[in-house]
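The chain contents come next:
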Amino acid sequence: MRKTILYLIDSLERGGAEVLLVSALREVHQEFNIVLVTLHDKSAFGPEELCYDAMFCLNMQSKLRILSCVRQLKKIIHEYNVDIVQSALYWSVITARLACNKRTKHIFRLDNVMTSAQYNYKWYSGYTKLLETLTYTKNQVIIAPTEEVLTDFNRSVGIKGRSKVIYNFIKDEFFENQIEYVVPSTGLKLVAVGNLKHQKNYSLLIEAFKLLQHNDISIDIYGEGSDREMLQRQIVRFNLPIRLMGMEENIYKILPYYDGFVMCSTFEGFGISAAEAMAMGLPLLLSDIPVLREISHNNAIFFDPYSAQSFSDAVLQIMNGKINLKQLSDCGKKIAGENYTKEKYLNQLLNYYEEILNPSKNLIT
C-alpha cells in the first residue's frame, strides 16, 4: 500500500525552498501519495508545475491564527492517513510540530543558518528562538542543505534527534547548457543573481566599484527586492558600471554571456545561484563564509564580505592574470556534477523516507 507524504510550506511563491519542493513533486509522486498544504494562498507556479493528490491552504492571515491552522492540519493528517509530514520555513515548521502526533513522522527542513536568518534578525528574535526550542523534540527529523546549516542549528538550539545533510539540486538545464570557458582577453563582465535585500549585501559592490572605476569591469545583477531604489540611487550618483536587470526566469540562458559570477552575501543556507553558475562553468567570486566554501569545495576566489577593498583586490588579481579562470571553470563543473544533480538528491531523499518509515532497515544513502 502506498504511503502518504504531506508537504507543508508557507506559500508557493518562487523562492529557493519553494522551487526545491515543487521541482521534486513529480518524481516523489511516483513512490508516494502527496498532500500539498500551504499557510498562505500566494502562488507563482502554474498547475502544470504542481503534482499532488490533494491540496489545501490553511489561510494563516496572522500568526495569532496558528492554533486554528494547527487544528485544520491535524484534521487533514487524520483524514488522509498521512505517514510523513515534511515542513519547510519557520512558521510551517512550528505549525507542523504542533499538529503531528507520535504516529506521524515529522521531517523539517532547515533552509538557512538560523542564527543569522531568524534568531538575531528582528526585535522578536528571542521569542522565535524560544518557540523553536519548546516545540522541537527528539522524535522530529532534520534535513539540512549543508553541514554548516546543521552545525549552526546545533550551536543555537541543539540537535535532539536524527538529522541528515542532503545537498540541494540544480535543475538539468544548467548541466545541459554548460560552457567551454574562454578567458576574456579584455575587460571583465561579472554577474550576480539574487533578491535585492540586505542579506545579499549588494551595497558592498557599490563601494568596491568606486575603487575599480578606472578598470574595464562591469556587473549585472538579476533579481528584485526592497533595496532596489537605494542601490539605483547610489549607482546613478557615482556613475558606476552596475546594472539592475530585474527578474530573469531562465538564468541559464544569460550566464554564458559573462566572465564570472559574484555572490557577496553575509549569510546563506546553500547559495543555489552560485552552484548553478558553477555547474554551467562560470568561475566564482564568493563571500568568505563557511556555507559558500562548503558548496564550492573551496573552488572559488574568496573575499571578505565586509571589505570593499578585499573584493577590489580579488578582481584586480583576475584582471592581472594571476588566477587560472579556466581551471576554476573545469573543476567547478566536475564538483557540481558529482554533488548537485537532481538524481542524487532524489535518491538520497527517497532512501531517507524509507529509512524513517522502516527504521529496522539499514539503507545505504
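Going by the structure above, here's the rest.
Asker: Run through the pairing of strand β1 (residues 4–9), naming residues and quoting values.
Answerer: Side-chain direction in a regular strand flips from residue to residue, so the side chains alternate between the two faces of the sheet. Most of β1 sits out of view: 6 of its 6 residues are buried. Neither face of β1 is open: one carries Thr4, Leu6 and Leu8, the other Ile5, Tyr7 and Ile9, and all of them are buried. When β1 meets strand β2 (residues 33–38), the two strands line up parallel, connected through 6 bridges. Counterpart to Ile9 in the pairing with β2 is Thr38. In this region the chain leaves β1, passes through helix α1 (residues 16–29) and returns to the parallel neighbour β2; the handedness of that crossover is right-handed. Note: β1 against strand β4 (residues 84–88), 5 bridges, orientation parallel. What sits directly across from Leu8, in β4, is Ser87.

Asker: So what's going on with the side chain of Glu294? Residues and values would help.
Answerer: By the element assignment, Glu294 lies in helix α12 (residues 290–296). For the buried Glu294, which has no salt bridge, the nearest side chain bearing the opposite charge is Arg155, at an N-O separation of 10 Å.

Asker: Can you break down the sheet that holds strand β7 (residues 163–165) residue by residue, with the values?
Answerer: Across the sheet, which stays open at both edges, the 7 strands sit in the order β3-β2-β1-β4-β5-β6-β7 with parallel pairing between neighbours. Whereas interior strands pair on both sides, the edge strands pair on one side only; in this sheet they are β3 (54–57) and β7. Between one strand axis and the next, the sheet turns through 20 degrees on average, direction left out of account. Relative to strand β6 (residues 141–144), strand β5 (residues 105–109) runs parallel, the two being bridged by 3 bridges. Counterpart to Ile107 in the pairing with β6 is Val141. Across the face of the sheet, helix α3 (residues 90–99) comes into contact with β1, β4 and β5 while running at roughly 150 degrees to β4. Packing against the sheet, helix α15 (residues 342–357) makes contact with β1, β4, β5, β6 and β7, and its axis sits at approximately 175 degrees to β6.

Asker: An account of the packing of aromatic side chains is requested, with residue identities and associated values reported.
Answerer: In total, this model carries 14 aromatic pairs according to the counting rule given. With centroids separated by 5.5 Å and ring planes inclined at 80 degrees, the aromatic side chains of Phe108 and Tyr136 adopt a geometry described as edge-to-face. Placement of Phe108 in strand β5 and of Tyr136 in the loop between α5 (125–135) and β6 is noted, with a sequence separation of 28 residues between them. Pair check on accessibility: Phe108 and Tyr136 agree, each one buried. With a centroid separation of 6.4 Å and 80 degrees between ring planes, the pair formed by Tyr222 and Tyr258 is classed as edge-to-face. Pair noted here: Tyr222 is in strand β9 (residues 217–222) and Tyr258 is in the loop between α10 (251–254) and β11 (260–263), with a separation of 36 residues, a long-range link. Assigned by exposure class, Tyr222 and Tyr258 land together as buried. Through successive ring pairs, a cluster of aromatic residues spans Phe108, Tyr136 and Phe153. The ring of Phe302 is capped by Arg293, whose NZ or CZ atom sits 3.9 Å from the centre of that ring.

Asker: Explain unusual backbone geometry to me, using residue names and the numbers behind them.
Answerer: Positive phi is not limited to glycine here, since Leu89 has a value of about 80 degrees. By secondary structure assignment, the location of Leu89 is in the loop between β4 and α3. Judged by relative accessible area, Leu89 falls into the partly exposed class, the value being 24%. Unlike most non-glycine residues, Asn201 shows phi in positive territory, near 65 degrees.

Asker: Could you give an account of the sheet that holds β9, naming the residues involved and the relevant values?
Answerer: Sheet strands associate in pairs through backbone hydrogen bonding, adopting either a parallel or an antiparallel arrangement. Strand order in the open sheet formed by 6 strands is β10-β9-β8-β11-β12-β13, with parallel pairing between adjacent strands. The open sheet terminates on both sides in strands that have one partner only, identified here as β10 (242–246) and β13 (301–303). When strand polarity is set aside, the average angle formed by the axes of neighbouring strands in this sheet is 25 degrees. Inspection of the sheet shows β9 paired to β10 by 4 bridges, in the parallel sense. Bridge pairing in β10 places Tyr222 opposite Gly246. Set on the sheet, helix α11 (residues 272–280) makes contact with β8 (188–193), β11 and β12 (284–287); between it and β11 the angle comes to about 165 degrees.

Asker: A description of the packing of helix α8 (residues 203–211) against helix α13 (residues 308–319) should follow, citing residues and the corresponding values.
Answerer: The relative placement of two packed helices is expressed as an angle between their axes plus a distance between the axes. The contact between α8 and α13 brings their axes to 8 Å, and the two run at 55 degrees. By the angle between their axes, α8 is oblique relative to α13. Where α8 crosses over α13, the two elements pack in a sense that is right-handed. Between α8 and α13, the contacting residues are Leu204, Leu205, Glu207, Ala208, Phe209 and Leu211 on the first element and Ala308, Gln309, Phe311 and Ser312 on the second. Considering only residue class, the contact of α8 with α13 consists of 7 nonpolar, 2 polar and 1 charged.

Asker: Describe the nonpolar core, with residues and values.
Answerer: Leu205, Phe311 and Tyr340 are the most contacted members of the largest nonpolar core, which has 80 residues in total. Those residues in contact with Phe311 that lie beyond four places of it in its chain are Leu190, Leu204, Leu205, Ala208, Phe209, Leu212, Val262, Leu285 and Phe303. With 31 residues, the next largest nonpolar core counts Leu50, Ala88, Ile143 and Leu349 among its residues.

Asker: Quick rundown of α15? Include the residues and the values.
Answerer: In this model α15 runs 22 Å from its N-terminal to its C-terminal C-alpha over 16 residues, within 8% of the 22 Å that 1.5 Å per residue would give. When we look at burial in α15, the residues that qualify are Lys342, Tyr345, Leu346, Gln348, Leu349, Tyr352, Tyr353, Glu355, Ile356 and Leu357.

What counts, and where the lines are drawn
Residues numbered from 1 in each chain as written. Predicted model: local features only at pLDDT ≥ 70, side-chain atom pairs only at ≥ 80, totals over all residues. Heavy atoms only, no water. Buried < 20%, exposed > 50% of the residue type's maximum accessible area, 1.4 Å probe, protein only. Helix = DSSP H or I, 4+ residues; strand = E, 2+ residues; numbered from the N terminus. Pairing = 2+ DSSP bridges. Right-handed = clockwise from strand over helix to strand, strands pointing away. Lys, Arg positive; Asp, Glu negative; His and termini not counted. Salt bridge = Lys/Arg side-chain N within 4 Å of Asp/Glu carboxyl O. Axes fitted to C-alpha atoms, helices over the stretch in contact; angles between N-to-C directions. Contact = heavy atoms within 4.5 Å. Phe/Tyr/Trp six-rings, centres within 6.5 Å; stacked < 30°, edge-to-face > 60°. Lys NZ or Arg CZ within 6 Å of the ring centre and 35° of its normal. Parallel < 35°, antiparallel > 145°, perpendicular 65-115°, else oblique. Left-handed = near helix turned anticlockwise from the far one by under 90°. Nonpolar A, V, L, I, M, F, W, Y, C, P; charged D, E, K, R; others polar. Core = buried A, V, L, I, M, F, W, Y, C linked by side-chain atoms within 4.5 Å. Expected span 1.5 Å × (residues − 1).

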